[in-house]
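Listed below are the residues making up each chain.
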Amino acid sequence: MNIYHFKKGTEICNYSYPNNILSVKLNRQRLVVCLDESIYIHNIKDMKLLKILLNTPSNPSGLCALSINHSNSYLAYPGSATIGEIVVYDANNLNTVTMIPAHDSPLAALTFNASATKLASASERGTVIRVFTIPEGLRLFEFRRGMKRYVNISSLSFSPDGQFLCASSNTETVHIFKLEQLGPSGGDEAATWTAYVGKMFSAASSYLPAQVSGMMSQDRAFATVHLVMSAQRNICTLAIIQKLPRLLVATADGQLFIYTMDPLDGGECTLFGVDDDQGEGKEAEGKEVTGPAQACPSYAATAALPASGPVTATLTGYSEDGGAKKGEVIPEHEFAAGPVCLDDENEFPPVSIQNGELWI
C-alpha cells in the first residue's frame, strides 16, 4: 500500500502485507486495511500499526465499513462466513463493541450513517435491508427491497442527515428508504386509511407466525429510480446539491447519473435537469446547454492545477515528510525513521484509490 500526499504529489510511506489487500477504509483518525482473514488498523497521524485482527472469518470481497465520524471510529465486518453476523469494533479504543445477528445469509453490504449512530446491512439474498442502532446493536428498521428474486446489493448509503437510505444492486432499480417510525409518537396519529390498516396489521401480527408477521412489518421503498441499464455493477449515494437531496449513481462503465428526489412524497425520481422545476441544464432554443457558473473552482480542480511548470506523471520517489526512498525494502510492520504525519489538520483533501494505491 502506497500513501501519497495529494497536494505535494509525493510519497509519504509504503507498507506491505502478507496477502492481497481487498479494501481500504479511512477517516481522520484511523486507516483500516482488510485482507481475506485479517484486518490491520493504523493510526492515521503517523501510520503506526495499532492492531491486527487475526483469524477473522473468510471475507473474499473485503467487506467492511468504517464510520467517517472519527470521534467514534466504529468498524463493522462479517463475524461469520456462513451467516450474516456483524462484528462492531471500536477502532479508537481497540475493543469489540457488540456482535449483531443481522441476517440468515452471509453479508453483502454494510454502511454507517454520518454520526455513527446507525448501521445498515444487507445479505447475499438481497431481499431485506436492516438498520441497527450503534453501539447497542438493536434492530431499528427493516426494509424489503423485493420478493420476486434474489439480487446482489452492491452498495448502501445514508443521506447526510441520516433520514434516507439508498440501495443499488445488479438490477435496474435503485431503492430509497425513509427512516421514520410509523405510528403514534407523542401526538395524535392522523386518522387515515393507511394508519387504520397499519394498526390492523400490528394487531394481527401477534397471532401470526414470526416469519409472516415480520414480512408484514417491513417497509417498502419510499422512492425509486429505474436505470437505463441492468446487470451492471454500480454504486449509489445521497447528497445535497443546490440545497436539495439528489441521488447519484455511478456505473462500472464510467457514467454518473444524478436524479432529483422528492423528500416529502417520494415516488419515482427523475433525471436531474430533465423537466426540473428550476430549469437547471435545460437547453434554450438555438443555444447550447451550459451548466451553472461556479463562483470558485473546487478543491480538486485547484489541486490539479500545476503550481509551477508542468507536473510529470512519475513521482520523485522521495517523501518530503521524511518517508523512505521509493523501492527501498521496509521490514514488515516497520517504517523508516522520521515524521510521516499527513499534516492535514486544516485541510480536507479528497481521497481516491487508483491502481491499488491510496491517494490522500
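For the structure itself, consult the block above.
The rules we used
Residues numbered from 1 in each chain as written. Predicted model: local features only at pLDDT ≥ 70, side-chain atom pairs only at ≥ 80, totals over all residues. Heavy atoms only, no water. Helix = DSSP H or I, 4+ residues; strand = E, 2+ residues; numbered from the N terminus. Buried < 20%, exposed > 50% of the residue type's maximum accessible area, 1.4 Å probe, protein only. Contact = heavy atoms within 4.5 Å. Core = buried A, V, L, I, M, F, W, Y, C linked by side-chain atoms within 4.5 Å. Pairing = 2+ DSSP bridges. Axes fitted to C-alpha atoms, helices over the stretch in contact; angles between N-to-C directions.

It is worth spelling out the environment of Leu-179 at this point. Note on placement: Leu-179 falls in the loop between strand E17 (173-178) and helix H1 (193-205). For Leu-179, a relative accessible area of 7% corresponds to the buried category. Distance from Leu-179 to Gly-162, taken between C-alpha atoms, is 7.7 Å for residues 17 residues apart in sequence. If near-sequence neighbours (up to four positions away) are discounted, Leu-179 is found in contact with Lys-118, Val-131, Phe-141, Phe-143, Phe-158, Gly-162, Gln-163, Phe-164 and Leu-165.

This next bit is on the nonpolar core. In this structure, Ile-176, Leu-247 and Tyr-259 are the most contacted members of the largest nonpolar core, which totals 17 residues. Elements with a contribution of two residues or more to this core: strand E16 (164-169), E17, strand E18 (223-226), strand E19 (234-241), strand E20 (244-251) and strand E21 (256-260). Ignoring sequence-local partners within four residues, the contact set of Ile-176 consists of Phe-164, Leu-165, Cys-166, Ala-221, Phe-222, Ala-223, Leu-238, Leu-247, Met-261 and Cys-269.

The four strands lie next to each other as E11-E12-E13-E14, forming an open sheet whose pairing is antiparallel. Each end of this open sheet is capped by a strand with a single partner; those strands are strand E11 (107-112) and strand E14 (139-144). For this sheet the average axis-to-axis angle between neighbouring strands, irrespective of direction, equals 20°.

Take it as geometry only, folks, not as evidence of what the structure does.
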